[in-house]
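Now for the letters of each chain:
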Amino acid sequence: MTIQETAALLQTMDRVLLLTHVRPDGDTIGSAAALCRALRDLGKTAYLLPNPGITETYACYAAPYCAEEGFEPDFVVSVDIAALGLLPENAKKYASAIDLAIDHHPSNEGFAKESCVLAEMAACGEIIYEIVGLLTPMTAEIALPLYVAVSTDTGCFVYANTTAHTHQVAAALIDTGIAVAGVNKALFRTKSRTRLAMEAWMAEWAEYYDNDRVVIMQIPLSLCLDYKATEADVEELSSLAALVAGTDCGVTLRELEPGKVKISLRTGPRVNATEVCALLGGGGHAAAAGATLSGTLAEAKQAVLQAIDMVVGE
């Protein structure tokens, strides 16, 4: 569906429940919160399904819109979700009842009755911005979570997915009067002592492959337990490996539980992250993708190295 068709469809909906993905980030939460606010401004009843994995970093943006206990929706909309496997546990009962999916991942599985998938957008927040523009005036209440969505999925506008359109959207959001200095400090220039200690450990034990172009960092479950790390401490650690000079493929392996490992890739043009993660049952974007594997950290490391080798073909 086009943005115009999606906006028209949303105008016909009422009693809407918005779904966000497991281990929610700023894009899924910010986009859902902004769309919820816009729908309410239209006089609609709309809520976010509470996400059990949300951290304190993003909880404040979702809190005003969380569904009341017992709310029964007439329509279900997923936001920034590429696959049904990314639904939180409490959202799985809606898997076959999603009326509309709004997403920017090229790996979107097309699970909804209708889909608005625009892979050229750097963040789902950019799509929501365009949709909201056809529904209701852009207020500060809508603009703030949208800014969170767009800024976080572009690494504060420095990732390769950032476009002129991204900056134009950010400028328009700032023009509503939102105060972005505090948001930027909290999201991009503040780290807990635990987070800093974990980064130091990961850097010390990093492993290098393919003439040092591929770097692998690990987050064992024991590391999180030893440092008493919260989910807020761990989020965004997946981008650390890609910061190493001279590498163009940063891999982070996070042990979620014994026998379950989350793989995150951040890559340059040489390595297509989506193609690598597709071989592992995951997906994402050309420069940022992920997958979840069963097995040990060592097994996950071998699997991702083999997948990279297959995609690069060197």
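Check the entry above for the structure.
What counts, and where the lines are drawn
Residues numbered from 1 in each chain as written. Predicted model: local features only at pLDDT ≥ 70, side-chain atom pairs only at ≥ 80, totals over all residues. Heavy atoms only, no water. Pairing = 2+ DSSP bridges. Helix = DSSP H or I, 4+ residues; strand = E, 2+ residues; numbered from the N terminus. Contact = heavy atoms within 4.5 Å. Axes fitted to C-alpha atoms, helices over the stretch in contact; angles between N-to-C directions. Salt bridge = Lys/Arg side-chain N within 4 Å of Asp/Glu carboxyl O. Phe/Tyr/Trp six-rings, centres within 6.5 Å; stacked < 30°, edge-to-face > 60°. Buried < 20%, exposed > 50% of the residue type's maximum accessible area, 1.4 Å probe, protein only. Lys NZ or Arg CZ within 6 Å of the ring centre and 35° of its normal. Arc of directions from axis to C-beta. Disulfide = S-S within 2.5 Å. Polar contact = N/O pair within 3.5 Å; in protein donor to acceptor, adjacent residues only side chain to side chain.

Draft legend 1. Main features of the sheet that holds strand β6 (residues 207-209). Ordered in space as β6-β7-β8-β9-β11-β10, the 6 strands form an open sheet in which the pairing is mixed. Only two strands of the sheet have a single neighbouring strand rather than two, namely β6 and β10 (283-284). The sheet contact formed by β10 and strand β11 (residues 288-294) spans 2 bridges and is antiparallel. Along β11, the bridge assignment pairs glycine 283 with glycine 290. The sheet contacts of helix α8 (residues 193-204) involve β7 (214-219) and β8 (249-257), and relative to β7 the element is tilted by about 135°.

Draft legend 2. Expanded view of the pattern of salt bridges. Within the structure shown, the criterion is met by 10 salt bridges. Taken together, the shared-partner salt bridges in this structure form one network comprising Asp210, Arg213, Asp248 and Arg270.

Draft legend 3. Just the packing of aromatic side chains, in detail. Within the structure shown, the criterion is met by 3 aromatic pairs. With 6.3 Å between their ring centres and 40° between their planes, tryptophan 201 and tryptophan 205 make a pair best called tilted. Judged by relative accessible area, tryptophan 201 falls into the partly exposed class, the value being 26%. Look at tryptophan 205 and you get exposed, because its relative accessible area is 52%. Here the basic side chain of arginine 40 rests over the ring of tyrosine 47, its NZ or CZ set 5.0 Å away from the ring centre.

Draft legend 4. The arrangement of helix α7 (residues 180-188) in detail. Residues of α7 that are buried: Val180, Val183, Asn184 and Leu187. Around the axis of α7, the buried residues are gathered within 95° of arc, so they sit on the same side. More than 90 degrees from the buried face of α7, the exposed residues found are Ala181, Gly182 and Ala186. Taken together, the buried residues of α7 touch α3 (56-62), α5 (140-153) and α6 (164-174).

Draft legend 5. Representation of the state of the cysteines in the model. Evaluated as defined, the whole model comprises 0 disulfides. Note on cysteine 124: no disulfide assigned, nearest cysteine sulfur contributed by cysteine 116 at a separation of 8.3 Å. Taking relative accessible area as the criterion, cysteine 124 reaches 0% and is therefore assigned buried. Among the cysteines around cysteine 277, which has no disulfide bond, cysteine 249 carries the closest sulfur, lying 9.0 Å off.

Draft legend 6. Structural view of the environment of glutamate 235. Residue placement: glutamate 235 occurs in the loop between α10 (231-234) and β8. Spatially, the C-alpha atom of glutamate 235 lies 9.4 Å from that of threonine 57, the residues being 178 residues apart in sequence. The contacts of glutamate 235, once residues within four sequence positions are left out, are Thr55, Thr57, Tyr58 and Arg195. At 2.5 Å, the side chain of glutamate 235 and the side chain of threonine 57 are in polar contact.

Draft legend 7. Up close: the side chain of threonine 162. The topology assignment puts threonine 162 in the loop between α5 and α6. Since its relative accessible area comes to 18%, threonine 162 is described here as buried. Within polar-contact distance, the side chain of threonine 162 engages the backbone oxygen of tyrosine 159 at 2.9 Å. Residues contacting threonine 162, with those up to four places away along its chain left out, are Ala122, Thr154, Phe157 and His167.

Draft legend 8. Structural view of the sheet that holds strand β1 (residues 16-19). Across the sheet, which stays open at both edges, the 5 strands sit in the order β2-β1-β3-β4-β5 with parallel pairing between neighbours. Every interior strand has two partners, whereas the edge strands, β2 (46-48) and β5 (114-117), have only one. The sheet shows a mean angle of 20° between the axes of neighbouring strands, taken without regard to direction. Across 3 bridges, β1 lies against β2 in parallel orientation. What sits directly across from valine 16, in β2, is alanine 46. Where helix α2 (residues 26-41) meets the sheet, it contacts β1, β2, β3 (75-79) and β4 (100-103), and its direction lies at approximately 165° from that of β2. Along the sheet, helix α4 (residues 124-133) makes contact with β3, β4 and β5, crossing β4 at roughly 120°.

Keep in mind that these numbers describe shape and distance, not what the molecule does.
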